[in-house]
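What follows is each chain in one-letter form.
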Amino acid sequence: MARYGMALDYKNCINCKACEVACKEENGVELGAEKHRIWVGGNDPKGEWPLLDIASAAFLPSQCQQCEDAPCQEVCPTHATYYDENHVVRVDSEKCILCSYCMNACPYDARYVDDRTMTVDKCTFCSDTRLARGETTTACQNTCPTKVRTFGDLDDPNSEISELLRTREHFSLKAHLGTNPKLFYLT
Amino acid sequence: MKKIEVSRRKFLQGSVSLCVYASSAMAMPLATTKTSKKNAEDVPYLCNMCRNKCAGFARVEENIITKLNPNHYFPKSRNMLCPKGNAAIQAVYDKDRLKYPLIRMGKRGDGRYRRVTWDEAYEYIKDKLVKIIDEEKDNRSTVAYCNGEGFNKDEYIKFFGSKLGSANFLDEGSICLNTKLGATQLTIGDVGEMDVAGSDYMIISGANRYESLITPDSVDMLHAKQKLVVLDPRCTMTAIKADEYLPVNPGTDLAFCLSMIYIAIKDELYDKAYVKTYFKDFDKLKKHILSKKYTAKWAESKTHIPAERIKRITKEFFAASHPLYYLGRRSVWSQNDFQFRRAMVLINALAGSINRKGGIIFGKPFHLHEEEINEPLYSNTVDRFDLDGIVYGSQKGGSWLNFREKIVTNTSPYPVKAMFIRKHNLMQNMPNIEKTKKMLNMMDLVVVLDTMPSDTAVMADVILPECTFLEREDMVVSFNRLEPSLALRNQAIKPMYESKSMQDILKGLGKKLSVPLFKVSAKHDADLQESIKNYGKEKAFTEGGYNMTELYKYDITTRNKKLITAQFGKKVYDSLKKRGVWHPYIDTQKEIFNNYYEYYPKEKRHYTVERNYKVHCYLKKLEKHGFDPIPAWNDHYDFKVPKEAFRVITGRYVTTTQSATANNEMLKDFQEENYLWINNDVADSLGIKLGDSVAVMSSVSSIVIKAYPTNKIAPQVLWLSHGFGIHAREMTHAFGKGASDNMILEDKFEKIYGCATMHETNVTIRKL
């Protein structure tokens, strides 16, 4: 039993795609831009050449925010979306009827349709692959060249992520919606 | 808080620089497989997706590689795999791979081949080679051979250089970083290693460390407490992540460096004690630099970087306690490249940043014992000719452009009639592709060893399918100087189809060639005839070293075991087999934060070693050949771009390694084709919008490519990534996607190292 979360030192993100490839290979995610479980949003520096404001460019790794109060779980008519024992928002492909309510409800655009399993799928923190084997890292966290991601148990006061959240300022995406994400962006 | 776009949909619509395009995902076969819940075998290996080499563990489930994970034991790669490293699975399971030995049926380049057995392929090569070498009266240099892959290069040279006896070996150095290696070696007597992590102030000229990842540098840069200043004619990811970005006029970094040296000497900012002890001919340097008046104002006129910034940065640099001017490894840009690289070394030396923390360090690499072999002496073999007219040049890897020029103009002192090409995509890797084609068409025999049906492979008479790096064990390699380690590539799965490791290919070839080629020598070589007369045929053959399979008496696993155990003991060998890596602190290394380890304790790192060396300010040999013995600016370095023309510069995306990853299905998913970067205001005035097709014309040829208007590039500069525009239809994912830079680049080369200058082509463009 754990309450898994992830802290992202997003200013170190260089948008190299290592996490995206690792995720696809680990979780057997289909190819194609619409099938990403994780992605990096960003914007170019503002200004005109040669006066560019490099500080205005930023890259933000994004994925399912693993909300404590997930709108996708709330709207699911078949209870396909559920919380597992580690508080990870999961999808039961047996129950999913592709109604796409969850896709519309998710404020983070985190869901996509997996054409193979006919499921509206999303990031699972590698729960049915790595974590199921007893490993303690997600594929994206493990491979990140610049060590942006810290994954761990929020309920364990001694975990690295708990320590980080105690000592570093951080924010959540669209916090005003009250979804209480378990992804934290370190400032 | 900064507002950053987070929406997935908007991101997909809005961005080409990030280039995620919905590809035809519909009917695609399964390219990815979910890993199972079961425990599986984790085989330690070394990545080969680029020249860098990171360590990983391959997860193997029932003989199938399902995932690659970083190896936390390797000090060099700092427990990471990049996108290409993660996508290496696709290189193994690429359906377009070369699967069987092939012999050409159609014309060169049209891709018609017949499948043959390995023996038929060897037999074909033997018949041709015997004829060619006999025609050339045993001048073995008529067989040129080349290699573009770092691993096994020396072993490949042992076969074709030492055993077969050719002097004509060519590698990627002359289309890559030879000027940098040469400049460092000639100035401080060693190529050294840069201690990025230990530097508190770092300047990078052009090297794009966040898109062209090199470990540990790319990892360390973001975590070192340092100021990072980046000069680049293009606002790269490295520029964006810098503390200060200096947009620079292409090819003028030398002027920036000369000005730094001028200011440092004039204002006496340099490390006087260091200069006194280590510099040779400092007086000459001082006199030269001061008399040339390389002021910041002067540098501004060349570089377009404001003089005040040059002054301030120079002052900051020399005031820092561990400043480092980062010597990037990258292709050569312009005629002044060698002098530019040398000026960077001199700046580091003036700051005292040599052989100390945060500088260019010498360190203490592990020296592995050589496996000795007996080399025949071929008295009729003539030396290489591609360094004629080159001041230094690499005696090992030569000069590609000079070599090719002499072949296609029939000015080589003897004909080169055969080429063995291993993992070196000649048809894509050097400027002016038509000339390369012409060269290959002049050969009587072209043999390609590769994993993919590249543009070069389809020019071959015989194609020998090599297995990928995950299907083979390689000889142990020593890495790094500050925190040295040994690393071993273990075999994750058996070679697929009928592919073989390079060693097995050469062993088969050697078996077939040794005796017939010995007979050719016996016919023409007077010394050998004498030796046969004195000792008999058999002894002359064996003791003369004519058995080409000598190195392959034992398989690679046995060779590794013997070599490593003899030099380092069983414990080290076991570590290399089990963990893929060995370093002295492997059992005590500790994780200091999130996936980031401390390998060598700080006090055990080889920051400073005892070494007698000098910093050579003045290179007499250069003066003798009519070049500047001390870095200087020459008028002909001023590159003119006519009105309405553009200067083309190249580079690559984070998801590509030259043309080697062109067909990788996963990486294609991120970057299907390359785009032409063009200044947004210029594009506006020409009516060019994102995704518009644009024709780009140079004196060599023309290409068509889609446009990417951006504020991240100067008005008279265009950028495109290398590694696209593949011509071989056999590369089904890559064929027809994007355009090739080398189609339009002019084939100029500088004369100090014979390196291709990639950034000296003007083009015009037209919207289609």
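Criteria and thresholds
Residues numbered from 1 in each chain as written. Chains lettered and ligands numbered in written order. Predicted model: local features only at pLDDT ≥ 70, side-chain atom pairs only at ≥ 80, totals over all residues. Heavy atoms only, no water. Helix = DSSP H or I, 4+ residues; strand = E, 2+ residues; numbered from the N terminus. Rg over C-alpha atoms; globule rule 2.2 N^0.38 Å. Buried < 20%, exposed > 50% of the residue type's maximum accessible area, 1.4 Å probe, protein only. Contact = heavy atoms within 4.5 Å. Areas by Shrake-Rupley, 256 points an atom, 1.4 Å probe, with all protein chains shown as cover. Lys, Arg positive; Asp, Glu negative; His and termini not counted. Charge placed at Lys NZ, Arg CZ, Asp CG, Glu CD. Axes fitted to C-alpha atoms, helices over the stretch in contact; angles between N-to-C directions. Parallel < 35°, antiparallel > 145°, perpendicular 65-115°, else oblique. Left-handed = near helix turned anticlockwise from the far one by under 90°. Nonpolar A, V, L, I, M, F, W, Y, C, P; charged D, E, K, R; others polar. Phe/Tyr/Trp six-rings, centres within 6.5 Å; stacked < 30°, edge-to-face > 60°. Domains from an automatic or database assignment. Buried area = accessible area lost by both parts, 1.4 Å probe. Salt bridge = Lys/Arg side-chain N within 4 Å of Asp/Glu carboxyl O. Polar contact = N/O pair within 3.5 Å; in protein donor to acceptor, adjacent residues only side chain to side chain. Core = buried A, V, L, I, M, F, W, Y, C linked by side-chain atoms within 4.5 Å. pLDDT = per-residue confidence, 0-100.

Per an unreviewed UniProt entry, chain A goes by the name Thiosulfate reductase electron transport protein phsB and belongs to hydrothermal vent metagenome.

Caption draft 1: Here's a closer look at the overall build of chain B. Scanning chain B from terminus to terminus reveals 26 helices and 29 strands. Its C-alpha atoms give chain B a radius of gyration of 26 Å, near enough to 27 Å, the size a compact globule of 768 residues would have. Expressed as lengths along the three principal axes of its C-alpha atoms, the size of chain B is roughly 75 × 65 × 60 Å. Looking at chain B residue by residue over its 768 residues, the buried ones come to 65%. Restricting to contacts in chain B with at least 6 residues of sequence separation, those with at least 24 account for 74%. Of the roughly 28,600 Å² of accessible surface on chain B, 50% is carried by carbon and sulfur atoms. Taking the average place of the 115 positive charges on the side chains of chain B and the average place of its 92 negative ones, the gap between the two points comes to 2 Å.

Caption draft 2: Representation of the overall build of chain A within the structure. A count of helical and extended segments in chain A gives five helices and twelve strands. Taken over the C-alpha trace, chain A has a radius of gyration of 17 Å; the compact-globule value for 187 residues is 16 Å, and the two agree within 12%. The dimensions of chain A, computed from C-alpha atoms along their principal axes, are 55 × 40 × 35 Å. Within chain A, buried positions represent 66% of all 187 residues. Residue pairs at least 24 apart in sequence account for 57% of intrachain contacts in chain A once pairs closer than 6 positions are excluded. For chain A, the exposed area adds up to about 6,800 Å²; of that, 50% sits on carbon and sulfur atoms.

Caption draft 3: Fine view of the packing of helix H9 (residues 253-266) of chain B against helix H14 (residues 337-350) of chain B. Residues and elements named next belong to chain B. At a closest axis distance of 9 Å, the pairing of H9 and H14 adopts a crossing angle of 25 degrees. Relative to H14, the element H9 lies roughly parallel. Handedness of the crossing formed by H9 with H14: left-handed. Residues Asp 253, Leu 254, Cys 257, Met 260 and Ile 261 of H9 touch H14, and the partners they reach there are Gln 339, Phe 340, Ala 343, Met 344, Leu 346, Ile 347 and Leu 350. Looking at the contact of H9 with H14 residue by residue, the classes come out as ten nonpolar, one polar and one charged.

Caption draft 4: Expanded view of the packing of aromatic side chains. Residue and element names in this part refer to chain B. By the definition in use, this model includes 46 aromatic pairs over all chains. Geometrically, the ring pair formed by Tyr 270 and Phe 282 is tilted, given 5.1 Å between the ring centres and 55 degrees between the ring planes. Taken as a pair, Tyr 270 in the loop between H9 and helix H10 (272-278) and Phe 282 in helix H11 (residues 282-292) lie far apart in primary sequence, twelve residues in all. Overall, Tyr 270 belongs to the buried group, its relative accessible area being 10%. For Phe 282, a relative accessible area of 12% gives the class buried. Their ring planes at 15 degrees and their centres at 4.8 Å tell us that Phe 593 and Tyr 596 sit as a pair that is stacked.

Caption draft 5: Inspection of the domain arrangement of chain B at higher detail. Residue and element names in this part refer to chain B. When its domains are assigned, chain B resolves into domain 1 (8-92), domain 2 (105-171 + 370-466 + 501-551), domain 3 (193-361 + 610-624) and domain 4 (637-767). Taken over C-alpha atoms, the centre of domain 1 sits 35 Å from the centre of domain 2. Of the roughly 320 Å² buried between domain 1 and domain 2, counting both surfaces, carbon and sulfur atoms make up 65%. When residues of domain 1 are sorted by the area they lose upon contact with domain 2, Asn 48, Arg 51 and Lys 53 head the list and together hold 76% of the total. At the junction of domain 1 with domain 2, the criterion picks out zero salt bridges. Viewed at the interface, domain 2 and domain 1 are joined by one residue pair in polar contact (both at pLDDT 80 or more). Within the side of domain 1 that touches domain 2, the residues separate by chemical class into one nonpolar, one polar and two charged.

Caption draft 6: Spatial organisation of the nonpolar core. All names here are of chain B. Grouped together as the largest cluster of nonpolar side chains are 142 residues, with contacts concentrated most on Ile 203, Phe 256, Phe 279, Leu 285, Phe 317 and Tyr 325. Domain assignment of the residues forming this core places at least three in each of domain 3 (193-361 + 610-624) and domain 4 (637-767). Ignoring sequence-local partners within four residues, the contact set of Ile 203 consists of Val 229, Leu 231, Phe 256, Met 260, Ile 313, Phe 317, Leu 324, Tyr 325 and Tyr 326. If you look at the next biggest cluster of nonpolar residues, it comprises 55 residues, including Tyr 414, Ile 463, Phe 646 and Ala 707.

Caption draft 7: Structural detail: the packing of helix H5 (residues 153-163) of chain B against helix H18 (residues 502-524) of chain B. Residue and element names in this part refer to chain B. H18 packs onto H5 with a crossing angle of 10 degrees between their chain directions and a minimal axis gap of 11 Å. The orientation of H5 with respect to H18, classified from their angle, is roughly parallel. Residues Glu 155, Tyr 156, Phe 159 and Phe 160 of H5 form the contact with H18, whose participating residues are Met 502, Gln 503, Leu 506, Leu 509 and Gly 510. Tallied by class, the residues present in the contact of H5 with H18 amount to six nonpolar, two polar and one charged.

Caption draft 8: Main features of the confidence of the model for chain B. Confidence in the prediction of chain B, expressed as mean pLDDT, is 94, and 96% of residues score 70 or more. Considering only residues more than four positions removed or in separate chains, one finds that residues 1-29 of chain B, a stretch of pLDDT under 50, has 64 contacts.

Caption draft 9: Representation of the interface of chain A and chain B in the model. Chain A puts 68 residues into the contact, and the matching count from chain B is 83 residues. Contact with chain B buries area across many residues of chain A, yet Glu 25, Trp 49 and Lys 147 of chain A alone supply 14% of it, more than any other trio. Counting the contacts that link chain A with chain B gives four salt bridges. Where chain A meets chain B, there are 28 residue pairs in polar contact (both at pLDDT 80 or more). Secondary structure elements with two or more residues in the side of chain A that touches chain B: helix H1 (18-27), strand S2 (39-43), strand S3 (46-48), strand S5 (58-62), helix H4 (139-143) and strand S10 (149-153) of chain A. Here the side of chain A that touches chain B gets eight residues from one element, more than from any other, and that element is H1 of chain A. In terms of residue class, the side of chain A that touches chain B is built from 30 nonpolar, 17 polar and 21 charged.

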